[in-house]
Amino acid sequence: QVQLVESGGGLVQAGGSLRVSCAASGRTFSLWIMAWFRQAPGKEREFVAAINWSGANTRYADSVKGRFTISRDNAKNMVYLQMNSLKPEDTAVYYCAADREQYPILQDPGEYDYWGQGTQVTVSS
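Residues numbered from 1 in each chain as written. Predicted model: local features only at pLDDT ≥ 70, side-chain atom pairs only at ≥ 80, totals over all residues. Heavy atoms only, no water.

Enquirer: Would you explain the state of the cysteines in this entry?
Expert: In protein chemistry, a disulfide is the covalent bond that joins the sulfur atoms of two cysteines. Evaluation of the coordinates by the stated rule reveals one disulfide. Disulfide pairing places Cys22 opposite Cys96 at an S-S distance of 2.1 Å. The sign of the -75° torsion about the S-S bond sets the Cys22-Cys96 disulfide as left-handed. Pair noted here: Cys22 is in strand β3 (residues 18-24) and Cys96 is in strand β9 (residues 92-99), with a separation of 74 residues, a long-range link. (Disulfide = S-S within 2.5 Å. Helix = DSSP H or I, 4+ residues; strand = E, 2+ residues; numbered from the N terminus.)

Written out as structure tokens, the structure is:
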């Protein structure tokens, strides 16, 4: 059974930084595409960032490019999202997701097979 567990959310002031983490179970974790999505109140879930199995390929939403960095540690079954220069509009529940396919990196949440429970990130102005 695959489980994704997020951690590291919290409250931060605008301009600050935060790192959220995702711990994954599953023997084939190292083969999956891993992604972060977010959902703000009253809005649809949106793509934030994704990384392929080796970490060589990443993809970001335009709204976070240059501010957020996704990374993974396959030895630890962990995925991270480093968030810098945070803005109030980054406030949302952040979800970790896994796609069992290795290619391509997709932005549609419907393409992802497993989801975590989410972690709240709140950016105050």
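Enquirer: Just checking my understanding: could you explain the sheet that holds strand β1 (residues 4-7) for this structure?
Expert: Picture the strands of a sheet paired through backbone hydrogen bonds; they go either parallel or antiparallel. An order of β1-β3-β8-β7 is seen for the four strands of this open sheet, with the pairing classed as antiparallel. Of all the strands in the sheet, the pair left with one neighbour each is β1 and β7 (68-73). Sheet twist, expressed as the mean angle between neighbouring strand axes with direction ignored, is 15°. Bridge count between β3 and strand β8 (residues 78-83): six bridges; the pairing is antiparallel. (Pairing = 2+ DSSP bridges. Axes fitted to C-alpha atoms, helices over the stretch in contact; angles between N-to-C directions.)

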